[in-house]
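Here is what each chain is made of, one letter per residue.
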Amino acid sequence: MATSVTERLEVRPLHPALGAEVRGIDMRRPLDQATFDALHEIWMRHLVLVFPEQHVSDAEHVAFTRHFGDPEIFHQNIIKSRRVPEIFRVSNVDDDGNLMPPDHPTVKQVSLAQFWHTDSSYREVPCTGALLHGVETSRTGGETQFTNMYAVYDALPDSLKQQIHGRRARHNFGHLHKLASLRPLTPEEEAAMPPVWQPMVRKHPVTGRTSLYISPIYNDEVEGLSAEEAKTLIAQLTEIAAEPRFVYRHRWSPDDVVMWDNRCTMHQVTPHDPRERRVMHRTTIVGTEPVLAA
């Protein structure tokens, strides 16, 4: 008798709020429709999936991503791989294998991932999700934390819900460059990625569930509020989102691949010793629809 997909896939929840380890998938092989459907349902239920022991090349990583949508090509050459442009390099090692110093522009920009954020929120149509491959992982930190923004929204006090309902926050890629005194954006970069306004409460296009939508490293304004009021509100919401009851913290092993849904999560990386190599390759799934206000 043939083995069903659900029998082949081993799913182990990792945290009460979100996260599951999935075994029985080999990312070097294409997914058949039944396996894709089962995996997608698991993803929607757990928001963050961990696939251990995935010995994939960058090309295989990109090919697996294509099951879920088109891979995004990042708009800055400073981050994307020279060899495989769909790969976003979260790394303190350059394309030639050299460890970069902490003050290198690429390292300074990548280190801003230590702030809570959700990827590509500064696009009119933000990404659907991402897959991050631990090529060389850190033992001194460099863990990735994810928070369940469905649960965060549900737990907000009514006073905060009233403040954010019907409001939009501005998501400005240029704000990132002000947080750590990065080099100014070039005119071409500014033109490629102008600020956008997104609803602070969103509806997931697949699950229909409501979540909080902020991205603190990009949020520099909130509709109807002064700059100081906006800063205070985003800080309040971020503090709640970071509470341990909502957060799964992933300690990396080499060749882990972690996949997350950007439409209902935020994430951040913990600090690590900059003298230690950390090479993480990410693909980002292009979004297919604008953010739906809830």
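Look a little higher up for the structure.
Residues numbered from 1 in each chain as written. Predicted model: local features only at pLDDT ≥ 70, side-chain atom pairs only at ≥ 80, totals over all residues. Heavy atoms only, no water.

Chemist: Would you mind going over the pattern of salt bridges with me for this structure?
Modeler: Two side chains with opposite charge may pair up if their charged atoms get near one another. Summed over all chains, the structure comprises 22 salt bridges. Where arginine 168 meets glutamate 223, a salt bridge forms, and the shortest distance between an N and an O atom there is 2.8 Å. Remark: glutamate 223 occurs in the loop between β11 (219–222) and α9 (227–241) and arginine 168 occurs in strand β7 (residues 168–171); sequence separation between them is 55 residues. Using a relative accessible area of 27% as the deciding quantity, one classes glutamate 223 as partly exposed. (Salt bridge = Lys/Arg side-chain N within 4 Å of Asp/Glu carboxyl O. Helix = DSSP H or I, 4+ residues; strand = E, 2+ residues; numbered from the N terminus. Buried < 20%, exposed > 50% of the residue type's maximum accessible area, 1.4 Å probe, protein only.)

Chemist: Would you mind going over empty space enclosed by the protein with me for this structure?
Modeler: Over the atoms a probe the size of a water molecule is rolled, and this reveals where empty space is left. Within this structure, the stated rule accounts for three cavities of 30 Å³ or more. Considering only enclosed or pocket space, the largest cavity measures out at about 360 Å³ in volume. Contributing to the lining of the largest cavity are 25 residues, with Phe88, Ala113, His117, Asp119 and Arg282 lying nearest its centre. At the level of elements, β4 (88–91), α4 (105–110), α7 (173–179) and β14 (265–269) are the ones that each hand at least two residues to the lining of the largest cavity. At three residues, the largest contribution of residues to the lining of the largest cavity is made by β14. (1 Å grid on protein atoms, 1.4 Å probe; cavity = no way out; pocket = protein on both sides within 12 Å on 5 of 7 lines; lining within 4 Å. Points joined across faces, edges and corners; volume = space filled by probe spheres on them.)

Chemist: Even after reading the chapter, I still don't get the layout of surface pockets, so can you show me in this structure?
Modeler: Within this model, the largest pocket holds a volume of roughly 290 Å³. What lines the largest pocket is a set of 15 residues, among which His175, Pro216, Asn219, Lys231 and Ile234 lie closest to the centre. Going through the elements one at a time, α7, β11 and α9 are the ones with two or more residues in the lining of the largest pocket. No other element matches the six residues that α9 contributes to the lining of the largest pocket.

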